[in-house]
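Below are the chains, spelled out letter by letter.
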Amino acid sequence: MKTIKRVFFFFILLGLIFNSPIFAADNNDTAALTMEIPSICKLTVRNADQSINLLQDASGEAAYEAGYVDGAINRPTLTVDSNTSWKLSVKINSSWNNVNGYQKATGDLMFKVTSNSGKQTGFTNFLPLTLSDQEIASSSDGIGSSIYNCQYRILLGWEKDKPGAYNIIIVYTLATK
């Protein structure tokens, strides 16, 4: 009887083994991946700082005679990157510093974009800068590495611009819309 029970138990065990999968069958499952991308923009400003020196020579006299002096060409260079609609603007942070009791007009600083980068909405010619944001370029689409080469012009007048060091701060802003 013990042998029959053992054989019976052996066959039951074999049945369980062969009816149960030893190896898992192909089984598919899914996973979800979520990535959130916010509105992102990046403005790179290169060669923005300038020092213009009107020495007492013919170039200084010629600048006064012309009524202006130009800053270096392609200075500054503004590079715009944005993954959505954007706006690039410029403004003066505060008025010129006072030199020997004289306050130079903020509008004496003019600005122009010298390159043809596309999406430009202003400053194709020299225009005076103000204390309020003025649009340089904008788009309803994203853009990558769009370069805007610029130039400054400072108006001069024999009777008003006294000798001294004039300073002013310019602010460039890139914002998503």
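Look a little higher up for the structure.
Residues numbered from 1 in each chain as written. Predicted model: local features only at pLDDT ≥ 70, side-chain atom pairs only at ≥ 80, totals over all residues. Heavy atoms only, no water.

**Q** Hey, could you run me through the pairing of strand 7 (residues 109-113) in this one?
**A** Residues in a regular strand point their side chains to alternate faces of the sheet. In terms of burial, strand 7 is largely enclosed, as four of its five residues are buried. Alignment of strand 7 against strand 10 (residues 143-155), held across five bridges, turns out to be antiparallel. If you follow Phe111 over to strand 10, its bridge partner there is Tyr152. Note: strand 7 against strand 8 (residues 127-128), two bridges, orientation antiparallel. Each residue of the ladder has a partner; that of Met110, found in strand 8, is Pro128. (Buried < 20%, exposed > 50% of the residue type's maximum accessible area, 1.4 Å probe, protein only. Helix = DSSP H or I, 4+ residues; strand = E, 2+ residues; numbered from the N terminus. Pairing = 2+ DSSP bridges.)

**Q** Help me out: how do you make sense of the nonpolar core in this one?
**A** Proteins that are soluble and globular tend to have nonpolar side chains buried together. Residues Trp86, Leu88, Leu109, Phe111, Ile136 and Tyr148 are the most contacted members of the largest nonpolar core, which totals 26 residues. Broken down by secondary-structure element, the contributors of at least two residues to this core are helix 2 (58-66), strand 3 (77-82), strand 4 (86-92), strand 7, strand 9 (134-139), strand 10 and strand 11 (170-176). (Core = buried A, V, L, I, M, F, W, Y, C linked by side-chain atoms within 4.5 Å.)

**Q** Looking at this structure, how should I read the sheet that holds strand 9?
**A** Sheets are built from strands paired through backbone hydrogen bonds, the pairs being either parallel or antiparallel. Spatially, 9-4-11 is the arrangement adopted by the three strands of the open sheet, whose pairing is antiparallel. Across the chains shown, the open sheet's two edge strands, defined by having one partner strand only, are strand 9 and strand 11. Geometrically, the sheet is characterised by an average inter-axis angle of 15° between neighbouring strands, direction not taken into account. Relative to strand 11, strand 4 runs antiparallel, the two being bridged by seven bridges. Within strand 11, the residue paired with Trp86 across the bridge is Thr176. (Axes fitted to C-alpha atoms, helices over the stretch in contact; angles between N-to-C directions.)

**Q** Teacher, can you tell me more about the packing of aromatic side chains here?
**A** To describe a pair of aromatic rings, you give the distance between the ring centres and the angle between the ring planes. This structure, assessed with the given rule, holds six aromatic pairs. Taken together, a centroid distance of 5.2 Å and an interplanar angle of 85° make the contact between Phe111 and Phe123 edge-to-face. In this pair, Phe111 sits in strand 7 while Phe123 sits in the loop between strand 7 and strand 8, placing the two residues 12 residues apart along the sequence. When the centroid spacing of 6.1 Å and the interplanar angle of 50° are considered together, the rings of Phe111 and Tyr172 count as tilted. Of this pair, Phe111 sits in strand 7 while Tyr172 sits in strand 11, and the two are 61 residues apart along the sequence. Comparing Phe111 with Tyr172, the two get one shared label, buried. One cation-aromatic arrangement involves Arg153 over Tyr68; the distance from NZ or CZ to the ring centre is 3.7 Å. (Phe/Tyr/Trp six-rings, centres within 6.5 Å; stacked < 30°, edge-to-face > 60°. Lys NZ or Arg CZ within 6 Å of the ring centre and 35° of its normal.)

**Q** Can you walk me through the pattern of salt bridges in this structure?
**A** Working definition: two side chains of opposite charge can pair if their charged atoms are close together. In the structure shown here, the tally under the stated rule is four salt bridges. Note that Asp108 and Lys104 form a salt bridge whose closest N and O atoms lie 2.9 Å from each other. Exposure remark for Asp108: the relative accessible area of 6% places this residue in the buried category. The exposure class of Lys104 is buried, given its relative accessible area of 3%. (Salt bridge = Lys/Arg side-chain N within 4 Å of Asp/Glu carboxyl O.)

Purely geometric numbers; function is a separate question.
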